[in-house]
Each structure stands twice: as structure tokens, then as C-alpha cells.
Amino acid sequence: MPESLSEITYTAKTGPIHSPEDGRAVEVEVQHLVKTFGKQEAVKDLSFTIGKSEIFGLLGPNGAGKSTIINMMCGYLEPTSGDTLIAGQSITREPRKVKRMIGVVPQEIALYSDLNALENLEFFGEIYGLSSKERKERAATLLHFVGLYDRRKEAVKKFSGGMQRRINMAIALMHRPVFLMMDEPTVGVDPQSREHIFAAIEQLRDQGTTILYTTHYMEEAERLCNRIAIIDEGRIIALGTLEQLLAMRDQQREVQRPHGLQELFIQLTGKTLRD
Amino acid sequence: MKTLWYIAKKDLLQISKDRNGLILMLLVPLVLISVVGFTFGSFYGSGSSQIQITVALNNQETAQNAFIGKTIASALKINTRQLAITVNEYRSPAQVIAQVEAANNAANVGIVIPVGASQTLLNDLQRNVTPKNLVQFYTLPNTNDLRITVVQNIVNTVVQSILAGRASVNQVYQVCHQPGNHCAQNTIDPTTIATAIARANSEANQAIETLSAGHAVTIDPFDQVLPGYAVFFSLLGLNAVAATILQEKEDGTFRRLLIAPIQKYALLGGKMLAQFLVTLAQLSIIFLVGYFVFKVHISDWLTVSLLLISTSFAATGLGMLLVSLVKTRAQINPVVTLVVLITSAVGGAWWPLFLEPTWLQPLAKIGITAWAMEGLNGSMILGKGFMDVLPDILGLLAYGLICLMIALRLFRFQQKTAIVR
């Protein structure tokens, strides 16, 4: 167990893989991911693992590299170097096989607004190779799951933001992914919808889905995540369970113990405004 | 292949949700075709080749023996299958001039026969002087109207006949007065001689046998207008091709599709298939309406169908090329407008391609319109068969294929810069 915050930070910079410590099997392994855009190094030698059925939180200020990491892990962006393994399969070497195991809930609401909820779900079910019967059953199940079955025939452009976010999530679940990446899924969502989404995530975890969850809201990370990684400037600067993170203190500098994750976050990433 | 179809099906479903859009896609071209076809039908000719001319005439000769005015007026009253001349008589030269100047083409030509023209002619003949400026001819300045030439020729023929007749009479008198000849003066009838000359002139055309060769090109206005505007509107659909992809990129659904386990080319192929089917449906419906409502000439449905299919393919390929070059929807509108207007103008969408200067016709092939219109004009107006039009069909297919290959090379599936979040 790391003794201090500075110890964890130092360890994170040299890039060993941080593994779950509760004995669960590793489902996702990120190996030395690097991404450069021209001269800009957006992600710097990032490594970590996520255990099966774990909810892994990824926190970081704007521009930290969270979306770039997710885009590389799901195969949308090709990494400059490094790899991501999902259940032992490489996304760079076997992209189509691995993509069948991944679901992504994007931060933006990515729906076909002219189609209704059912049509959106069925289309993505087709794309992921579900049979007609499977599509219908799965779509009905998910619509119940997100509480929108009664409005399945309405065009999604008529839905509220919270409802659209729920359909956004349901689409990512159509093909029963073993690994789900959720990129700030509750942005702009009313409290009821947010609560509904949290309940759905916990249910997914209980059903065995491994989840990577990014957010700016510390209380979400505190509530949902088994482990949390705080990243900044493309590298992990802190990683551990909530208790571990809060227990850190820099004995040499005698930094005051943060009262909460938010305070820790600010301590680690600074108060400078980010774009 | 299945994925390609699923994506196409989804796009078609989205299009079908916009009922008003679908209706306008058919209604707007058909309305425009109707308006242009009926308004500008005479530009292409109504199938009749009769030349129609209006002459304003002022005959100032009132003497009983004045013959020039009456002879000219009589000669101009022609009404045959090829030529119809209407002669309107006026009391003064000013009225004749006013008719010629009128903006509504009240008269194509004005003729004034001054007082004493006939007597002047007789006097000139007796004195062996060449008659000049007997008849005044009024036309608009700097005009190349062939109808003026027709009237001039008729008037010239009349005057020549009169001159020939009088000259013949003079010759008879001169022969009679030669030493050793004796003629009974009262047996020489100038009128008879002149009449015989005139009859000979008028019967001269019977020596010419009129025969026909080949096949006359008659252009029904809708045979040109319908395919021209149908192709024009199918090209305007390039906007839709580009918009659908750019919209998906903006909405985030494009990224969602790239995260899914599908091939990138299936993604573009599916979109292209949907747009191809929509364009083909639009063209087909317009042509069916044209055939049953506007009675356009379609003798070879197979040829026309293949032309429509290849035109749809080429248009869709061009749309994919444009979207690979242009990054935003704000950029696509002016680009598409420019491309469509230029290629339609030079490509024969608005007038038959074969009426354009010969040097321009090959240059027009840079656009889809020229290929399509050459084939459609060939089939519908010139009566060409499938083999004659096959080069245009193959040209369109090759055009679409080349555009598609370039588009696949240039199309950017992912952004190059980092998303700052």
C-alpha cells in the first residue's frame, strides 16, 4: 500500500501497470499507450488495468486526455504506440473482434434524431450482427431498463436531454458488451434521469459488465467507482480506491489531508482554468 | 455486404420520415419542367417548319396603269406549307416604319412603293437606263433575319420579271427595226410578251424536282426540357449526399459507426447506395410522368433506363467526391451550386447539346450533364439505338467509378487533431 501521495505520483510517472488489488481477474489491460498529434503529446505512456465487473473512474481536467484515451481504447483512434487488451484480445491487431466486446456511451448525444427510440436501437443491433429476433427482444429489454418502453415509437428529437442520454446508453448495451466505456454520461441531465442512470450502471456492474467511467463530478466517482485514476497532461498522477486516495498525504510537505475527492483533485491538478 | 445494406436502409428510413421533403423532390422539378416547357416551347420549334412573315406595305401609286405595287403585293400573298406571308397595307410610310420598329414584331419587313414608280421604270427602260431605288425596303438595323431575305428575293423576282418582260418587248422592236426586217407594229403586243415572260418565270420552279433525303430533326420542347431539368435536379441532390455524411459527423453518429465492428468502406458504400436509389427513383418518376403526361418520346425504354441508372451512379460518385473534399455543410452549398450550374449550362441541360459550338461539346464532357444529355438527346430526339448511346452509358459509369475511387482515397474518417476534453 502506498504510504504517501508523492509515492503514488512518482510511481505513476514511471508507468507500471496499476492492477486491481482485490483479487479480481483483469478484464482490460492498457499497455503503454502513447498518442501524439504532430508535436503535441496528448497521452504519455499510460498503463493501467481494470478488473472484471469493476467500475473504474477516470478523472481529469479539460485537456487531460480522457477522450483521447477512450478513443484509442475503443479503436476509433490509432495509438502512436501501445495497445489495449480486452479479455486478452488486442484492439490494434483484432479490431473487429474486440469491437464486438466494447460498448461506448459517448459524451455527445449520438442518436438519429428523426428515428424513434426503437428504430435507433434496432439499427445498431443490426450493425452489431444481432438477428431480427434478438434485436427485438434486446431492444424491448433495454427500453424497459432505461424506463422508455412506453415512448419507444416517438422520435428521439422530442425527448428531453435526460431521456436522450438514456437512449444513448441503451444503444451501447444492445450487443451485450463485456466492457463499457462511459464518457461523462450525465452531462446536462436532470437529477431523476441521473439517478436512473446510476441505478442502471450499478445493475450492469452486478451483472458482470466492466465499466470505465469518466466524469467531472466527484460525487459520481465517489459513489460509483471501485478505483479512480486522476490524469493530467496525458498521464496518471494518482490511482487507487477512494479510501487510498483520501488517505494520501505528502509527509515531507505535510500537505493537509483533502476533505474529499474534489479537494484532492484540485490539489493534484491545480487551480488554473483549463480550456 | 449486409452492413452496407443496413446503413443504406437506415438512410432510406430517415429520408422517408421527411414526407414533405420527398414530395418537394418530385414536385419542384415537375413544376419547373411544365413552366419551361410550355413557355419556351416555340424556341425549340413545335415540329412545324413553316416560315411565317408579316409585311407592312404602303403602295402610293394610284394611277390606273401603275403595276409595280399591285404586282409586288400579289406576289407576296403566299400561303403554303413552307411559307406564309401576311401583307398588311398602310396609308403612309410612317405607319409602315412604325410597324417595323414595334417591339412586338408587328412587321418583319416594311415596303413602300413611291408615287410614279411604275412610270419611272418604263422611262428608264426606254432610255436604256438601269432602274434604281424603285422600291423602298424597311428593316431593323443590323439584323440577320432570314425572313427579310425571303421577302427581298420575292420582290427582286417580281421586279426582274417586269424588267425581263419589258426588255423582251424592246428587243422585239429593235429586231423589227433592223434593216431588211418588217414587222406589223400592231401585231406586237407588249402585254402579251410581258405576260409570257412572267409565266415562264413563274413556271421555272416546275423544272426543279423536290425530293427528300434523311430524317428531319424535330424537337418537341419536352423531349429536351424534361431530361435536362431531371438531370439538373438529380445533380442538386449532391447536396443531400454530402449533407448526410457531414450531418452524421456533426451529430456524433459517424463516430459511433466507426466504433462498431464494420468496415469503413461499408459505411460509405451504404450511404452511397441509399443516395443512388433515391436519385434513381427521382429520375424514374420524372420520366414516367414525362412519358404519360408530357408525351415525351421514349421509343427504347431499355436504353433510357440504363442512362438513368448510370446517371444516378455518376451523380452519387460525384457527391461522395465532393464530401471528401469539403469539410462543412456551409462549404458544400456554394460548391454544389457552382458545379451544377456550370455543368448544366455547358452540358446541354437547358438546350440541346448538339446546338452548342462544336469546340465546346467535348469540353462539356468534364461534367456529368453532357454525358447524360448526349445519351438522352440521342435516344429521345435523334432516335439513336442502344449501341450508339452505349459510349455515354459507359462514360457515366466510369465517371462515377473514378469519383468514388478518389473519394475513398481522400475521405477522412477520423479527425487529425486531439479532442480537448
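Residues numbered from 1 in each chain as written. Chains lettered and ligands numbered in written order. Predicted model: local features only at pLDDT ≥ 70, side-chain atom pairs only at ≥ 80, totals over all residues.

J.: Is there a simple way to explain the overall build of chain A in this structure?
T.: Within chain A one finds 10 helices and 10 strands. For chain A, the residues scored as buried account for 48% of the 275 residues in total. Partitioning the contacts of chain A with sequence separation of at least 6, the portion at a separation of at least 24 is 71%. (Helix = DSSP H or I, 4+ residues; strand = E, 2+ residues; numbered from the N terminus. Buried ≥ 20, exposed ≤ 12 C-beta atoms within 10 Å, placed from the backbone. Contact = placed C-beta atoms within 7 Å.)

J.: Would you take a moment to explain the interface of chain B and chain A for this structure?
T.: Of the residues lining the interface, 23 residues belong to chain B; the matching set on chain A comes to 29 residues. Broken down by element, the side of chain B that touches chain A gets its largest block of residues, six residues, from helix H1 (residues 2–17) of chain B. In terms of residue class, the side of chain B that touches chain A is built from 10 nonpolar, six polar and seven charged. (Nonpolar A, V, L, I, M, F, W, Y, C, P; charged D, E, K, R; others polar.)

J.: How should I be thinking about the domain arrangement of chain B in this particular structure?
T.: Size of an interface: often given as the accessible area lost when the parts come together. You can read the domains of chain B as domain 1 (2–44 + 220–410) and domain 2 (51–204). The straight-line distance from the C-alpha centre of domain 1 of chain B to that of domain 2 of chain B is 59 Å. (Domains from an automatic or database assignment.)

J.: Even after reading the chapter, I still don't get the pairing of strand E1 (residues 26–37) of chain A, so can you show me in this structure?
T.: For a regular strand, the rule is simple: side chains alternate between the two faces of the sheet. Residue and element names in this part refer to chain A. Here E1 pairs with strand E2 (residues 40–51) via eight bridges, running antiparallel. Each bridged residue has a counterpart across the sheet, and for Thr36 the counterpart in E2 is Glu41. Taking the residues that link successive antiparallel strands as the turn, the E1-E2 hairpin has two residues, and the phi of Gly38 there is positive, at about 65°. Sheet analysis places E1 next to strand E4 (residues 81–86), joined by five bridges and oriented antiparallel. Opposite Val30, over in E4, you have Thr84 as the bridge partner. (Pairing = 2+ DSSP bridges.)

J.: Where do I start with unusual backbone geometry in this structure?
T.: Glycine aside, residues mostly have negative phi, and peptide bonds are mostly found in the trans state. Residues and elements named next belong to chain A. Despite not being glycine, Asp45 shows a phi value in the positive range, around 50°. Assignment of secondary structure puts Asp45 in strand E2. Located in the positive-phi region is Ser53, a residue other than glycine, with phi close to 65°. With respect to the element layout, Ser53 can be found in the loop between E2 and strand E3 (55–59). Judged by the 18 C-beta atoms lying within 10 Å of it, Ser53 is partly exposed.

J.: Is there a simple way to think about the sheet that holds strand E9 (residues 227–232) of chain A in this case?
T.: In a beta sheet, neighbouring strands pair by backbone hydrogen bonds and run either parallel or antiparallel. Residues and elements named next belong to chain A. Ordered by their spatial adjacency, six strands build an open sheet running E6-E7-E8-E3-E9-E10, and the pairing between neighbours is mixed. In the strand order of this sheet, the two ends are held by strand E6 (102–105) and strand E10 (235–240), each with one partner. Strand-to-strand twist in this sheet, taken as the mean axis angle between neighbours without regard to direction, amounts to 20°. For strand E7 (residues 179–183) and strand E8 (residues 210–215), the ladder comprises five bridges, and the chain directions are parallel. Each residue of the ladder has a partner; that of Asp183, found in E8, is Thr214. Contacts from helix H7 (residues 191–206) reach E3, E7 and E8, with the element oriented near 150° to E8. Sheet strands touched by helix H10 (residues 261–269): E3, E9 and E10. Its angle to E9, the strand with the most contacts, is close to 30°. (Axes fitted to C-alpha atoms, helices over the stretch in contact; angles between N-to-C directions.)

J.: Is there a simple way to think about the sheet that holds strand E2 (residues 83–89) of chain B in this case?
T.: Residue and element names in this part refer to chain B. With respect to topology, four strands assemble into an open sheet ordered E2-E1-E3-E4, the strand pairing being mixed. Lying at the two open borders of the sheet, with one neighbouring strand each, are E2 and strand E4 (136–138). Averaged over all adjacent pairs, the angle separating strand axes in this sheet is 25°, with direction ignored. Pairing of strand E1 (residues 51–59) with E2, which is carried by seven bridges, proceeds in the parallel orientation. Its bridge partner being in E2, Ile51 is matched across the sheet by Leu83. Relative to E1, helix H7 (residues 146–176) is tilted by about 55°, and along the sheet it contacts E1, strand E3 (109–113) and E4.

J.: Whenever I open this one, the nonpolar core confuses me. Can you help?
T.: The nonpolar side chains of a soluble globular protein tend to be buried, and buried together. Residues Ile167(A) and Met181(A) are the most contacted members of the largest nonpolar core, which totals 146 residues. Counting residues per element, this core draws most heavily on helix H13 (residues 301–325) of chain B, at 12 residues. Those residues in contact with Ile167(A) that lie beyond four places of it in its chain are Leu111(A), Ala117(A), Asn120(A), Val146(A), Leu148(A), Val156(A) and Phe159(A). Counting 19 residues, the second largest nonpolar core, distinct from the first, contains Val55(B), Val87(B), Val109(B) and Val112(B). (Core = buried A, V, L, I, M, F, W, Y, C linked by C-beta atoms within 7 Å.)

J.: Explain the packing of helix H4 (residues 68–76) of chain B against H7(B) to me, please; I cannot follow it from the model alone.
T.: Each pair of packed helices can be described by the angle between their axes along with the distance between the axes. Residue and element names in this part refer to chain B. Two elements in contact, H4 and H7, have axes whose closest approach is 9 Å; the angle formed by their N-to-C orientations is 135°. Between H4 and H7, the angle falls in the class oblique. As for the relative orientation of H4 and H7, their crossing is right-handed in sense. When H4 is examined against H7, the residues Ile68, Thr71, Ile72, Ala75 and Leu76 are found in contact with a partner set consisting of Ile154, Val155, Val158 and Ile162. A class-by-class count of the residues in the contact of H4 with H7 yields eight nonpolar, one polar and no charged. (Parallel < 35°, antiparallel > 145°, perpendicular 65-115°, else oblique. Left-handed = near helix turned anticlockwise from the far one by under 90°.)

J.: Just checking my understanding: could you explain H13(B) for this structure?
T.: Residues three or four positions apart in an α-helix share a direction because the helix packs 3.6 residues into each turn. The end-to-end C-alpha distance of H13(B) is 36 Å, a good match for the 36 Å that 25 residues give at a rise of 1.5 Å each. Counting buried positions along H13(B) yields 20 of 25 residues, so the element is predominantly enclosed. (Expected span 1.5 Å × (residues − 1).)

J.: Sorry if this is basic, but what is going on with the domain arrangement of chain A here?
T.: Residues and elements named next belong to chain A. For chain A, the assigned domains read domain 1 (5–101 + 178–269) and domain 2 (109–176). Counting from both sides, the interface comprises 11 residues of domain 1 and, opposite them, 12 residues of domain 2. For the side of domain 1 that touches domain 2, the element with the most residues is H7, which contributes five residues. Taken together, the residues of the side of domain 1 that touches domain 2 break down into five nonpolar, four polar and two charged.

J.: Please clarify how the pairing of E3(B) should be interpreted in this entry.
T.: Residues and elements named next belong to chain B. Counting buried residues in E3 gives five out of five residues, a clear majority hidden from the surface. Neither face of E3 is left uncovered, since the one carrying Val109, Ile111 and Ile113 and the one carrying Gly110 and Val112 both have all their residues buried. Note that E1 and E3 share five bridges and pair parallel. Counted as the bridge partner of Asn59 is Ile113 from E3. As defined by bridge partners, E3 adjoins E4 across three bridges and the pair is classed as antiparallel. In the sheet register, Gly110 faces E4, and the bridge partner there is Tyr138.

J.: Sorry if this is basic, but what is going on with the packing of helix H9 (residues 221–236) of chain B against H13(B) here?
T.: Residues and elements named next belong to chain B. Where H9 meets H13, the axes come as close as 9 Å, and the angle between the chain directions of the two elements is 30°. Taken as axis vectors, H9 and H13 run roughly parallel relative to one another. Handedness of the crossing formed by H9 with H13: right-handed. Facing Val231, Ser234 and Leu235 of H9, the residues of H13 in contact are Thr311, Ser312 and Ala315. When the residues that make up the contact of H9 with H13 are grouped by side-chain class, the tally is three nonpolar, three polar and no charged.

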